[in-house]
Amino acid sequence: MRLVTSNPSIIKNAIEAAGELITEGSFVLEKDAIRFRAMDPAGVSMVVLTIFNSVFDVYEVNGENLTLNLEDLIKVLRRAKATDKMELTMEENRLKLTFKGNAIRSFSLPLIEPLGESQKVPELEFKCKVELDVEVLRDAIKDASMVSDAVTLELSGNTFLIKASGDSQEFSMELNKDTPGLISMEGEGKAKYSLDYLGKMMKASSLADSLTLRFSTDYPLQLEYKALDKIDLVFILAPRIESE
Amino acid sequence: MRLVTSNPSIIKNAIEAAGELITEGSFVLEKDAIRFRAMDPAGVSMVVLTIFNSVFDVYEVNGENLTLNLEDLIKVLRRAKATDKMELTMEENRLKLTFKGNAIRSFSLPLIEPLGESQKVPELEFKCKVELDVEVLRDAIKDASMVSDAVTLELSGNTFLIKASGDSQEFSMELNKDTPGLISMEGEGKAKYSLDYLGKMMKASSLADSLTLRFSTDYPLQLEYKALDKIDLVFILAPRIESE
Amino acid sequence: MRLVTSNPSIIKNAIEAAGELITEGSFVLEKDAIRFRAMDPAGVSMVVLTIFNSVFDVYEVNGENLTLNLEDLIKVLRRAKATDKMELTMEENRLKLTFKGNAIRSFSLPLIEPLGESQKVPELEFKCKVELDVEVLRDAIKDASMVSDAVTLELSGNTFLIKASGDSQEFSMELNKDTPGLISMEGEGKAKYSLDYLGKMMKASSLADSLTLRFSTDYPLQLEYKALDKIDLVFILAPRIESE
């Protein structure tokens, strides 16, 4: 394999976001894209990351499957400069990352044994779909985190409601079709999700200006960032279901 | 009651400054202004805050007395954006704060039981008065904090002296009528005050460019910020009196 | 003695860098320069700092020897503003630092008893010499710190190699005469040094744009910053020698 990109930072941003939830996982180098999917250690959320071959100037792959510690990988990716070219190759069962700028700097990381079978992405069908500016959702999640550790998403008619109730404080935000930043919405449903996980998923916000939420009543949430034809980053999060 | 302001940040700044010393207290909504006064838990300092009705576009009050946890209130006020309108209303014995920007976001906070009688502001007469740029005093207090935990203010003739002595280090700063940043001074006196408290009082420095100090020998200090006709924030601080 | 400078920040930067390794030491005020040399408490590194009299507008000295706690001195130097004039005088066996800007602010620090004899600078002869941009070395040291706690410098022929190996990760950087940022190199040799110490030595990087490394195989390293005719800051660092 040999991969060369002039845009190491978009790859760093995507893997940093995955690294908020996942500690290690396998990258599969397929013909059209590098694919990564993994479940977080608690089994509550899943990351499905696709880095399309258009990110690379040179993309020579052969179906390799590279299992890496994400924390180590991210530390190295952070050392790339904005103007560096990054080359990825294999050397004696290690991943070699070479940054070519003023000087040539190389890092190598060991491949690790995969923990188990590759994770399957569950087949999900959603009744609700909301597309909105990343900034709007990020603010709402910070707001809600002031008062509670979980947030309720409720879509009905022409209103998308984001609500949180804590021991003593409450928060609510209402979006309708006239709200700047709300791009589209359709469906009806209501479910509750962990703000801790959602906050980590918002760390990917530099990847795209808008994102798409999909959910149904008391059902998983899917949160998707699309960076044009370069990166597709999907998070799936189990709902919190409370007996009432 | 119903209050609407286009300037939530000036209110946030004033209450943040009070919150450095005070954990909870009562806001009384009088005809001309919202008044807040409270003593810090140690009984060493007092905050007297007046937010005039000119800060508000809509100011409908009826003498309400709202006791709130300042820390919770400040967390919510920090979520306002610079361009948001903020509306304050009551809803089922809770204070509702609504931020209207691109989206409409609402928080509600419970009223709490007041701890005791409303604090009376002591009647004080001061022999010394110094008006100076906020920045000059803030620097002097940081300087003095390098060497000690208390500072001596000494006004005599045409010199205002700020001094501190630590175990091994010493600091002094001398201001006279030619010092840029010193606006006016009159009186004679000398007293010592806690730098920890003074440092917290300087957190309000974004409210105004200048402030007024009033004190007398071995007597409380009064530190006053005036933000035009919008905010008046007064701190009162007990002196440190040392047997020599 | 009486010293006056319009450039307190260059002195602050140099002493801050020394303070990363040294907690106290003696400044000797000689005719042409102030000289400071001290060994770090672990005896692994040495700092030799020369502040030439050209830094000062007034330079009246008499061979004084001032032993000071560097941490206290640095705290005070940090309080100088960019536009302040700084005056240094002695007052009753204390060093008095006066900052003259809008106001006149004075600090005084006690002299302390020197711990022992003045440190002699070892006579060293080096086989390798590399002159390079500060930024290039600083990056390499940060890179290497990602993977290990020690770095190997290797100069041979026309290549200067900076390498580090950790438990699982590896880093290497190769510089040759075509690398922008490499100014000159000569000699052959290879030695290993602590990244913790090197990282602290890089804190002086605001003093100069380039620096000179001198070393030999399994021999101390000398790292020198020259700020024109104002400051000369030399660090000496013992090698790590490993039985193989």
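Parameters and conventions
- Residues numbered from 1 in each chain as written.
- Chains lettered and ligands numbered in written order.
- Predicted model: local features only at pLDDT ≥ 70, side-chain atom pairs only at ≥ 80, totals over all residues.
- Heavy atoms only, no water.
- Domains from an automatic or database assignment.
- Contact = heavy atoms within 4.5 Å.
- Buried area = accessible area lost by both parts, 1.4 Å probe.
- Salt bridge = Lys/Arg side-chain N within 4 Å of Asp/Glu carboxyl O.
- Nonpolar A, V, L, I, M, F, W, Y, C, P; charged D, E, K, R; others polar.
- Helix = DSSP H or I, 4+ residues; strand = E, 2+ residues; numbered from the N terminus.
- Pairing = 2+ DSSP bridges.
- Least-squares fit on C-alpha atoms with pLDDT ≥ 70 in both.
- Phe/Tyr/Trp six-rings, centres within 6.5 Å; stacked < 30°, edge-to-face > 60°.
- Buried < 20%, exposed > 50% of the residue type's maximum accessible area, 1.4 Å probe, protein only.
- Polar contact = N/O pair within 3.5 Å; in protein donor to acceptor, adjacent residues only side chain to side chain.

Draft legend 1. Seen up close, the domain arrangement of chain A. Residues and elements named next belong to chain A. According to the domain assignment, chain A contains domain 1 (2-110) and domain 2 (128-218). Inter-centroid distance (C-alpha atoms) of domain 1 to domain 2 is 30 Å. Contacts between the two partners involve 10 residues from domain 1, matched on the other side by seven residues from domain 2. Both faces considered, domain 1 and domain 2 share a buried interface measuring about 720 Å² in area, 70% of it formed by carbon and sulfur atoms. Per-residue buried area on domain 1 facing domain 2 is highest for Asn13, Glu20 and Leu21; these three make up 56% of the total on that side. Linking domain 1 to domain 2 there are one salt bridge. A salt bridge links lysine 203 to glutamate 20; the shortest N-O distance between them is 3.4 Å. Of the residues contributing to the side of domain 1 that touches domain 2, the split by class is six nonpolar, two polar and two charged.

Draft legend 2. Fine view of the interface of chain C and chain A. Listed per partner, the contact involves 15 residues of chain C and 15 residues of chain A. Interface area, chain C with chain A, both sides summed: about 1,300 Å², of which 48% is carbon and sulfur. The interface formed by chain C and chain A includes five salt bridges. Where the side of chain C that touches chain A is concerned, the elements lending two or more residues are helix H3 (134-147) and strand S13 (170-176) of chain C. Per-element tally for the side of chain C that touches chain A: the top contributor is H3 of chain C, with six residues. Grouping the constituent residues of the side of chain C that touches chain A by class yields five nonpolar, four polar and six charged. Examined bridge by bridge, strand S9 (residues 104-110) of chain A and S13 of chain C share five bridges and lie antiparallel to one another. Residue pairing across strands places arginine 105 of chain A opposite methionine 173 of chain C, the latter belonging to S13 of chain C.

Draft legend 3. Up close: the relation of the copies chain A and chain B. At an RMSD of 0.0 Å, chain A and chain B line up after a rotation of 120 degrees and a shift of 0.0 Å along the axis. What the superposition gives is, in effect, a three-fold axis relating one chain to the other.

Draft legend 4. Spatial organisation of the packing of aromatic side chains. Enumeration according to the criterion identifies 21 aromatic pairs over all chains in this entry. Ring geometry for phenylalanine 107 of chain A and phenylalanine 171 of chain C: centres 4.8 Å apart, planes at 40 degrees, overall tilted. One end of the pair, phenylalanine 107 of chain A, is in strand S9; the other, phenylalanine 171 of chain C, is in strand S13, on a second chain. For the residue pair phenylalanine 107 of chain A and phenylalanine 171 of chain C, the accessibility class agrees, reading buried in each case.

Draft legend 5. Examining the interface of chain A and chain B more closely. Counting residues at the interface gives 15 residues for chain A and 15 residues for chain B. Both sides together, the interface formed by chain A and chain B hides about 1,300 Å², and carbon and sulfur atoms give 48% of it. Where chain A touches chain B, the interface holds nine residue pairs in polar contact (both at pLDDT 80 or more). Only helix H3 (134-147) and strand S13 (170-176) of chain A provide two or more residues apiece to the side of chain A that touches chain B. Counting residues per element, the side of chain A that touches chain B draws most heavily on H3 of chain A, which supplies six residues. In terms of residue class, the side of chain A that touches chain B is made up of five nonpolar, four polar and six charged.

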